[in-house]
Amino acid sequence: MVTSDGPAAGFPDPTHDRPAFRAAMRLRRRALAAAQPDAGDRLAAHLERLPPAASIAVYRAIGSEIDPQPLAVALAARGRSLCLPVVVARDAPLLFRRWGPGDVLEADAAGCPAPLPLAEVIRPDLILVPLLAFDARGGRLGQGGGFYDRTRDGLRRHPSPPGFIGLAFAGQEIAAVPMASHDQRLDGVLTESGYRAFP
């Protein structure tokens, strides 16, 4: 829930200590995940409100990230083509390889579950991304690796760039995410409470 007394009352100032702020947001997300074990199912119940897209990039939840697996299963059942992000190098944009629920995965260059190298590389119409915090203007605080920011920055040059939608617990919203020049804003966010588009 957004508070009226700052970006995240009681947490480190993100403009002066971003690593400490990320750590505090991870603690908040962990508490939200523990309190709402069914949040992934509730998230999937709002899938019809997502922007239309034939191919959609999802992710495999790590730690306390909200679980998109129920959403992925529901999207696949409706005929959407799915893919997962793949880290090929620490300073490179993400690749997206075709994937379906139940497909075999292996660790990518960052140790994240990813489709096998023989899987088709595709450009999704919509990219669903995890986050640590978001705000009402589309500000997104990620894990700090910059993978999604680099990826979206490159895809913006495409004639039809994909949408960039955050998946989160509603309680991850804060009053203002401090944005650096390279940070990419979200087009919308889907939480267990519903979908919201940003200007």
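Here, every reference points to the structure presented above.
Residue numbers restart at each chain and count upward from 1, following the sequence in its written direction. Local features in a predicted model are, by the rule used here, given only for residues with pLDDT of at least 70; side-chain atom pairs are given and counted only at 80 or more, and totals for whole chains, interfaces and linings are based on all residues. As a rule here, side-chain values come from all non-hydrogen atoms in the structure, and water together with hydrogens is ignored.

## Describing the overall build of the protein chain
Turning to step 1, where the next piece is worked out: Per the convention used, a helix needs a DSSP run of H or I reaching at least four residues, while a strand needs a run of E reaching at least two, with both numbered from the N terminus. Looking only at helices and strands, one finds 4 helices and 11 strands in the protein chain.
Turning to step 2, where the next piece is worked out: With the radius of gyration taken over C-alpha atoms, the globule rule is written as 2.2 Å times the number of residues to the power 0.38. On C-alpha atoms alone, the protein chain measures out to a radius of gyration of 16 Å, which is about the 16 Å that the 2.2 N^0.38 rule sets for 199 residues.
Turning to step 3, where the next piece is worked out: Over its C-alpha atoms, taken along the principal directions, the protein chain stretches across nearly 50 × 35 × 30 Å.
Turning to step 4, where the next piece is worked out: Each residue's exposure class comes from its accessible area (1.4 Å probe, protein chains only) as a fraction of the maximum for that residue type: buried when under 20%, exposed when over 50%, partly exposed otherwise. Expressed as a percentage of its 199 residues, the buried residues of the protein chain come to 47%.
Turning to step 5, where the next piece is worked out: Residues count as neighbours in contact if any of their non-hydrogen atoms are within 4.5 Å of one another. Excluding contacts between residues fewer than 6 apart, the proportion of contacts in the protein chain whose partners are at least 24 apart in sequence is 66%.
Turning to step 6, where the next piece is worked out: In the form shown here, the protein chain has an accessible surface area of approximately 9,400 Å², with 55% of it arising from carbon and sulfur atoms.
Turning to step 7, where the next piece is worked out: His is not counted here, nor are the chain ends, while Lys and Arg score as positive and Asp and Glu score as negative. A charge is said to be at NZ when it belongs to Lys, at CZ for Arg, at CG for Asp and at CD for Glu. Of note, the protein chain has its 23 positive side-chain charges centred 2 Å away from the centre of its 21 negative side-chain charges. The Shrake-Rupley method, run with a 1.4 Å probe, gives the accessible areas here. Residue values count only the displayed protein chains as cover.

## Quick word on the side chain of Ser64
Turning to step 1, where the next piece is worked out: Along the polypeptide, Ser64 turns up in the loop between β1 (55-57) and α3 (69-77).
Turning to step 2, where the next piece is worked out: Side-chain atoms alone can form a polar contact between residues adjacent in sequence; in general such a contact is a pair of N or O atoms within 3.5 Å, and within protein one must be able to donate a hydrogen while the other accepts it. Here the side chain of Ser64 touches Arg29 through a polar contact of 2.9 Å, side chain to side chain.

## A closer look at the environment of Ala76
Turning to step 1, where the next piece is worked out: By the secondary structure assignment, Ala76 is in helix α3.
Turning to step 2, where the next piece is worked out: Taking the relative accessible area as the measure of exposure, Ala76 reaches 32% and is therefore partly exposed.
Turning to step 3, where the next piece is worked out: Through-space distance from the C-alpha of Ala76 to that of Ser55 is 9.9 Å; in sequence the pair is 21 residues apart.
Turning to step 4, where the next piece is worked out: Once residues within four sequence positions are removed from consideration, Ala76 is found in contact with Leu82 and Pro101.

## Looking at the sheet that holds strand β11 (residues 194-197)
Turning to step 1, where the next piece is worked out: Whether two strands pair depends on DSSP finding at least two bridges between them. In space, the 7 strands of this open sheet follow the order β3-β2-β1-β6-β9-β10-β11, with mixed pairing throughout. Edge positions in the open sheet fall to β3 (95-99) and β11, since each of these has one partner strand only. Geometrically, the sheet is characterised by an average inter-axis angle of 25 degrees between neighbouring strands, direction not taken into account.
Turning to step 2, where the next piece is worked out: Looking at chain direction, strand β9 (residues 163-167) and strand β10 (residues 188-191) are connected through 3 bridges and run parallel. Counterpart to Gly166 in the pairing with β10 is Val189.
Turning to step 3, where the next piece is worked out: Only the contacting stretch of a helix is used when fitting its axis, a line to C-alpha atoms as for every element, and angles between N-to-C directions run 0 to 180 degrees. Across the sheet, α3 touches β1, β2 (81-86), β3, β6 (126-129), β9 and β10, and the angle it forms with β2 is around 140 degrees.
Turning to step 4, where the next piece is worked out: Against the sheet, helix α4 (residues 147-155) touches β2, β3, β6 and β9, its axis set at about 165 degrees to β6.

## Focus on the pairing of β2
Turning to step 1, where the next piece is worked out: Taken across its 6 residues, β2 has 5 buried, putting it largely inside the fold.
Turning to step 2, where the next piece is worked out: Note: β1 against β2, 3 bridges, orientation parallel. Residue pairing for β2: Ser55 is matched across the bridge by Ser81.
Turning to step 3, where the next piece is worked out: The handedness rule is simple: strands pointing away from the viewer, and a clockwise path from the first strand over the helix to the second, make the crossover right-handed. Following the backbone out of β1, through α3 and into the adjacent parallel β2, one traces a crossover that is right-handed.
Turning to step 4, where the next piece is worked out: In this structure, β2 lies alongside β3, joined through 5 bridges in antiparallel fashion. The partner of Val86 across the bridge, within β3, is Leu95.

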